[in-house]
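Each chain is listed here by its residues.
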Amino acid sequence: MKIIIIGAGEVGHNLCTTLSAAGHNVTLIEQSEVRCEKLDEEQNARIIHGNGSSARQLVDVDVASCDAFLAMTSDDRTNVISCSLAKGLGAKNTIARIHDETYSDNSVINYQLHFGIDLLVNPEAICAVELAKEIRSAGRVAVENFARGQIEVQQQKVAAKSRLIGKKLKDLKLDPRVRIGYIQREGTSEVASADSLLEEGDIVTLFGHPEELFTLRERFDPAHKIDIARVVLFGGSETAISLIRLLTNPRFKVRVIEKDKAKCRSLAERFPNITVIHGDATSLRLLEEEQIGGADYFVACTKDDEENILTCLQAAKLGADHVQLVINKGDYDQLLGILKTMLGIEVVVSPRQATAEFMLRNLSSESSAKLAEVPGGGGQIVEVRIKHSSPCVGKKIKDIQLPAGAVFVALLHKFKAKVPAADDIILAGDRVVLIVSESQQKAVLASLV
Amino acid sequence: MNSAIIYKLLSMVLLALSAVFALCACAGLLLGESIRDDSIQAFILTVAVSIGIALICHILGRKGEAKLFRREALFVIGISWILATFIGALPYILTHVNGSIADAIFESASGLTTTGATAYSDFHEFPKSLLIWRSMSQWAGGLGVVVFFVAILSSLGAGAKILFSNESSGTSADFDHGRIQSGAFLLMLFYLGLSSACAIAYKLGGMDWFQAINHAMTTVSTGGFSTEAMSMGQFQSPTLEWISIVFMLVSGTTFVYIIRLFRGQTHILRQSNEVYWFYGLVAGTTLLLMVFLVDLTGQLPDHESLRVSAFQAVSIITTTGYATTDFNQWLPPAEMTLLLVMFIGGCSGSTSGGVKVVRIVIAIRAATRSITHAFRPNVTIPMRMGGQTLSERAIHSVVLFIILMTALQLLAMLFVSANEPNLSFAGVFSCVQATLFNIGPGFEEVGPTENFQFLRSSTKIFLSLLMILGRLELYAVLVLFIPSAWKRFS
């Protein structure tokens, strides 16, 4: 596959390494001549010094013949212009890296449609989803999430005191945005149907919007109280902002420590419900003053990896229950394991890696991609792209006969994800996420692709 | 230093070489040699030796990661060329042809580096399998013995780029391809296609298949070995000479340029680049030689004199070194012209040797710029070449390379003349020139109708080293002589 990448920052650079190692024909356009020279030696790709938002430059690299065009500079406007030009010049698939929420707000005009961008990617948001996963659903048996955190799959045990015991599923009156997929009982698992009865000790696999799932949790296990989670973020970076957005539920008490005064003010204005502290988290006194020891979660997400690591260690020593951090540089990749096992840091996330995985999945020519194993070996979670030639295009969900052991989890239509309802129609270009047992996989794929 | 990867790659180079030897033996058997003949026995032994060394290298290099940095890449290239030269000499030694071990090494180096100077006066009487090896060595050396692996081993990753740019005079940036592997593969396909076209053209022009294939291999690699005693002059055929001129010219042109033209990217024709300079140089040299021929013979220029001058000009500029006439008999100004273009050579990214046209053009421009700066120090003059602005560092390295090459030539002349006190000045000068710049024939004692057999063994070994130095554009060999390059920490 011919891929053109604009911008060789941490994200572009890492994508170039990953994609060229996967055997793709990669061309990288970068503005800094010095960086070009360095990259030329370490990358098995064509490195070109130039301006990625110049049409002449794009014609020179033969953009019309490229299968994917990735604008990955740190400047949103450059990315938008490049993608728009590339689309106009005939690139098949254009992906832009966007930080600013402005371009995802489609209430006045659809930016993506207007500029011809096929996909907006925000590495920081992808990263924040990873961080939020642990915070939002602590104590759950297992969690997987898809569609940038809009849909989550969880397993939940039905506790002894639950009032749901002995009821049929159709009588539960669940929120329409939540669905029960599997019921596991004494080692056997069955696909849930309207008449399934819940018993004590069952493990049910739920999917739906994360916050809805959280409220459901109480009904399955009344003894387990919802406690308030105290979250401290170090750094008011893009990642932090995305993370704050994901933690809007009142059960999270979010506190942000940021060095830059102007940033503090803008954060405080944008998010009135959080506490913003102006200061440096590398200072021990400040951490003690703010009682970091009593925090449930400490997340270091500044742009500076070294500070992230050290403040995390400090916070863990002061007694923060869970520490998480963001690592930006690719050079530290091999240290991630050590950080986890030896220093007690629970989650280490890197925006580069998260983006690269996301891209590989998006660029793969295969019509289906395995997203994860269902916890407990129940099967696989698979994402399927619906092509124009697919037999199920235009059908309603209820009309598609899936074999036993397969359930629709999510329907992704133009970047909106939802739990599919019976009357939803599948269109070409959509993606559907399914839970499929190993044995049924082939049959299911045959009926969809 | 990561020696595992060096061993690993060396073992692959040797395995490939042994395959080539086996091919030569098979061809010899097909062409009527018996298995008990010295030549076939020699090839079998050579295959055994190279497989043996390959095995040892394989065992030494089986552990360790495949990370290739600059130092390892340079070492792999330098060592594999020197090793290949020694192993390539085995067939000559073991066939017991008329000559010493130094002769065999000289012949092998001359083959692999596509120089085309010979140390044997009776090479046309060699067994056919040995003749094929002679031509085949040039064909393999033309593109480079390591380039083949760049295309095959995708595990080398970006290290392949360093390998490629150090063995071939082109740079990977010329390719349209992101992955160096697919670029190198395309290059090989082009090379193979060009060779086949050349062989067919020679056959249609009147050679038999054996001659056609051998000459095709040495034409497209701009090597210049011939199976005939009188080189191209043996055939006395104007058609063949014109065919040869065309294919030598194509082989002296930047390959990637031709490939891009084939793919319809005609916009590159509008850029001023080295290919135009190269063809201009060829035309100018031909014209000058014709003028001097008129001086020599007193006849007006005709088709004959045009062909003879064009053939000599192309053969020398592309550093092929075929001969149709003995240019030793020409007037001194004609010889001077040839001497000058010997230095320049063909285009970068082709199979030809020499300093390369692009470097000369850049150096001349840099020189004129410095003259302008002498009276107008503040004027900014950008240097553009092939549609790109050159960085100061690139200009600097070009100038340094030319200085290094010239210094090496002068020092080598001192060594050769001290070693061969009876050699004339023109002989010393041109034999160093002919080997360092991978041309083949020189003047006087080493002229186109002579050979290098009469030189002392030590001189021949030294000239062999010069050939490898010239072929690899110095650095890959010179680093082997820098002690700190061998040290783990320094």
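Residues numbered from 1 in each chain as written. Chains lettered and ligands numbered in written order. Predicted model: local features only at pLDDT ≥ 70, side-chain atom pairs only at ≥ 80, totals over all residues.

### A closer look at the overall build of chain A
Phase 1 of the analysis: Within chain A one finds 14 helices and 22 strands.
Phase 2 of the analysis: Computed over C-alpha atoms, the radius of gyration of chain A comes to 23 Å, within 12% of the 22 Å expected from 2.2 N^0.38 for 449 residues, which places it in the range of a compact globule.
Phase 3 of the analysis: Residues classed as buried in chain A amount to 43% of the 449 residues present.
Phase 4 of the analysis: In chain A, once contacts between residues fewer than 6 apart in sequence are set aside, the share between residues at least 24 apart is 63%. (Helix = DSSP H or I, 4+ residues; strand = E, 2+ residues; numbered from the N terminus. Rg over C-alpha atoms; globule rule 2.2 N^0.38 Å. Buried ≥ 20, exposed ≤ 12 C-beta atoms within 10 Å, placed from the backbone. Contact = placed C-beta atoms within 7 Å.)

### A few points about the overall build of chain B
Phase 1 of the analysis: Secondary structure summary: chain B contains 20 helices and two strands in total.
Phase 2 of the analysis: Overall, chain B is about 60 × 55 × 50 Å in size when its C-alpha atoms are taken along their principal axes.
Phase 3 of the analysis: Here chain B holds 490 residues, and the buried ones make up 51% of them.
Phase 4 of the analysis: Put simply, 72% of the contacts in chain B that link residues at least 6 apart link residues at least 24 apart.

### Digging into the sheet that holds strand E5 (residues 94–97) of chain A
Residues and elements named next belong to chain A.
Phase 1 of the analysis: Here six strands make up an open sheet; going across it, the order is E3-E2-E1-E4-E5-E6 and the pairing parallel. With one partner strand each, in any of the chains shown, strand E3 (46–49) and strand E6 (119–121) form the two edges of the open sheet. The sheet shows a mean angle of 20° between the axes of neighbouring strands, taken without regard to direction.
Phase 2 of the analysis: With four bridges joining them, strand E1 (residues 2–6) and strand E4 (residues 68–71) adopt parallel strand pairing. Note on E4: the bridge partner recorded for Ile 3 is Ala 68.
Phase 3 of the analysis: Lying over the sheet, helix H2 (residues 33–42) contacts strand E2 (25–30) and E3, oriented at roughly 170° with respect to E3. (Pairing = 2+ DSSP bridges. Axes fitted to C-alpha atoms, helices over the stretch in contact; angles between N-to-C directions.)

### Describing the interface of chain A and chain B
Phase 1 of the analysis: With 11 residues of chain A in contact, the opposing surface of chain B contributes 11 residues.
Phase 2 of the analysis: Put simply, the parts of the chain that give the side of chain A that touches chain B at least two residues each are helix H1 (10–21), E2 and H2 of chain A.
Phase 3 of the analysis: Among the elements that make up the side of chain A that touches chain B, the one with the highest residue count is E2 of chain A (three residues).
Phase 4 of the analysis: Its residues assigned to classes, the side of chain A that touches chain B comprises three nonpolar, five polar and three charged. (Nonpolar A, V, L, I, M, F, W, Y, C, P; charged D, E, K, R; others polar.)

### Side note on the nonpolar core
Nonpolar side chains tend toward joint burial in soluble globular proteins.
Phase 1 of the analysis: Core analysis: the biggest nonpolar cluster contains 135 residues, and Val 13, Val 76, Ile 77 and Tyr 202 of chain B have the highest contact counts within it.
Phase 2 of the analysis: Here this core gets 13 residues from one element, more than from any other, and that element is helix H1 (residues 3–30) of chain B. (Core = buried A, V, L, I, M, F, W, Y, C linked by C-beta atoms within 7 Å.)

### A few points about helix H16 (residues 392–419) of chain B
All names here are of chain B.
Phase 1 of the analysis: For H16, spanning 28 residues, the distance from its first C-alpha to its last is 40 Å, which sits close to the expected 40 Å at 1.5 Å a residue.
Phase 2 of the analysis: Considered for burial, the residues of H16 that qualify are Val 398, Met 405, Ala 412 and Val 416.
Phase 3 of the analysis: Close packing links the buried residues of H16 with helix H15 (357–375), helix H17 (425–436) and helix H18 (457–471). (Expected span 1.5 Å × (residues − 1).)

### A word on the sheet that holds strand E12 (residues 229–234) of chain A
Residues and elements named next belong to chain A.
Phase 1 of the analysis: A sheet is described by the order of its strands in space; here six strands give the open sequence E14-E13-E12-E15-E16-E17, paired in parallel fashion. Every interior strand has two partners, whereas the edge strands, strand E14 (275–278) and strand E17 (347–349), have only one. On average, each strand axis in the sheet is inclined to that of its neighbour by 15°, with strand direction left out of account.
Phase 2 of the analysis: The strands touched by helix H9 (residues 261–270) within the sheet are strand E13 (252–258) and E14, with E14 carrying the most contacts at an inclination of about 170°.
Phase 3 of the analysis: Relative to the sheet, helix H11 (residues 305–318) contacts E12, strand E15 (297–300) and strand E16 (322–326), its axis offset from that of E16 by approximately 175°.

### Side note on helix H8 (residues 180–204) of chain B
Residue and element names in this part refer to chain B.
Phase 1 of the analysis: An ideal rise of 1.5 Å per residue puts 36 Å on 25 residues; H8 measures up with 36 Å between its terminal C-alpha atoms.
Phase 2 of the analysis: Ile 180, Gln 181, Gly 183, Ala 184, Leu 187, Leu 194, Ser 195, Cys 198, Ala 199, Ala 201 and Tyr 202 are the residues of H8 that are buried.
Phase 3 of the analysis: Phi turns positive one or two residues past the end of H8, at Gly 206, with a value near 125°.

### Details of the confidence of the model for chain B
Phase 1 of the analysis: In the predicted model, chain B carries a mean pLDDT of 86, and the fraction of residues at 70 or more is 95%.
Phase 2 of the analysis: Two numbers describe this predicted complex: its pTM, 0.79, and its ipTM, 0.71. (pLDDT = per-residue confidence, 0-100.)

### With respect to the domain arrangement of chain A
Phase 1 of the analysis: Domain boundaries in chain A define domain 1 (2–121), domain 2 (136–220), domain 3 (229–356) and domain 4 (367–448).
Phase 2 of the analysis: Taking only C-alpha atoms into account, the centre of domain 1 of chain A sits 30 Å from that of domain 4 of chain A. (Domains from an automatic or database assignment.)

### Here's the deal with the environment of Pro 272 of chain A
Phase 1 of the analysis: Relative to the elements of secondary structure, Pro 272 of chain A occurs in the loop between H9 and E14.
Phase 2 of the analysis: The sequence separation of Pro 272 of chain A and Glu 346 of chain A amounts to 74 residues, and the corresponding C-alpha distance is 29 Å.

### A closer look at the packing of H8 of chain B against helix H9 (residues 209–220) of chain B
The packing of two helices is summarised by the inter-axis angle and the distance between the axes.
Residues and elements named next belong to chain B.
Phase 1 of the analysis: Direction vectors running N to C along H8 and H9 enclose 140°, while the axes themselves pass 8 Å from each other. Our classification of the angle between H8 and H9 gives oblique. Like other packed secondary-structure pairs, H8 and H9 cross with a definite hand, here right-handed. On the side of H8, the interface is formed by Tyr 191, Leu 194, Ser 195, Cys 198, Ala 199, Tyr 202 and Lys 203, while H9 contributes Trp 209, Ala 212, Ile 213, His 215, Ala 216, Met 217, Thr 219 and Val 220.
Phase 2 of the analysis: Broken down by class, the residue content of the contact of H8 with H9 amounts to 11 nonpolar, three polar and one charged. (Parallel < 35°, antiparallel > 145°, perpendicular 65-115°, else oblique. Left-handed = near helix turned anticlockwise from the far one by under 90°.)

### Thoughts on the pairing of E12 of chain A
All names here are of chain A.
Phase 1 of the analysis: Pairing of E12 with E13 involves six bridges; the strand directions are parallel. Each residue of the ladder has a partner; that of Val 231, found in E13, is Val 254.
Phase 2 of the analysis: You can see the chain leave E12, run along helix H8 (residues 238–246) and come back into E13, and the turn it takes is right-handed.
Phase 3 of the analysis: Across four bridges, the pairing between E12 and E15 is parallel. Bridge pairing in E15 places Val 232 opposite Phe 298. (Right-handed = clockwise from strand over helix to strand, strands pointing away.)

### Re the environment of Ile 241 of chain A
Residue and element names in this part refer to chain A.
Phase 1 of the analysis: Tracing the sequence through the fold places Ile 241 in helix H8.
Phase 2 of the analysis: Residue Ile 241 is classed as buried on the basis of its 22 C-beta neighbours within 10 Å.
Phase 3 of the analysis: Residues Ile 241 and Gly 52, 189 residues apart in the sequence, show an inter-C-alpha distance of 28 Å.

### So, unusual backbone geometry
Negative phi characterises most residues that are not glycine, and trans characterises most peptide bonds.
All names here are of chain B.
Phase 1 of the analysis: In the Ramachandran plot, Thr 222 falls in the positive-phi region, its phi being about 45° despite a non-glycine side chain.
Phase 2 of the analysis: Mapped onto the elements of the fold, Thr 222 is located in the loop between H9 and helix H10 (238–252).
Phase 3 of the analysis: At Ser 231, a position not held by glycine, the phi torsion is positive, near 55°.
Phase 4 of the analysis: On the secondary structure map, Ser 231 appears in the loop between H9 and H10.

### Considerations on the pairing of E16 of chain A
All names here are of chain A.
Phase 1 of the analysis: For E16, the buried fraction is high: five of the five residues fall into the buried class.
Phase 2 of the analysis: Neither face of E16 is exposed, since His 322, Gln 324 and Val 326 on one face and Val 323 and Leu 325 on the opposite face are all buried.
Phase 3 of the analysis: Relative to E16, E15 is paired through four bridges, and the arrangement is parallel. Bridging from a neighbouring strand, Val 299 pairs with Gln 324 of E16.
Phase 4 of the analysis: Handedness of the E15-H11-E16 crossover: right-handed.
Phase 5 of the analysis: With three bridges joining them, E16 and E17 adopt parallel strand pairing. Note on E17: the bridge partner recorded for Val 326 is Val 349.
Phase 6 of the analysis: Between E16 and its parallel partner E17, the chain crosses via helix H12 (residues 336–343), and the hand of that crossover is right-handed.

### Considerations on the packing of helix H6 (residues 123–136) of chain A against helix H13 (residues 351–363) of chain A
Residues and elements named next belong to chain A.
Phase 1 of the analysis: The N-to-C vectors of H6 and H13 enclose an angle of 100°; their axes lie 8 Å apart at closest approach. What the angle tells us is that H6 and H13 run roughly perpendicular. Mapping the contact onto sequence places Pro 123, Glu 124, Ile 126, Cys 127 and Glu 130 in H6 and Pro 351, Ala 354, Thr 355 and Phe 358 in H13.
Phase 2 of the analysis: Along the lines of polarity and charge, the residues of the contact of H6 with H13 split into six nonpolar, one polar and two charged.

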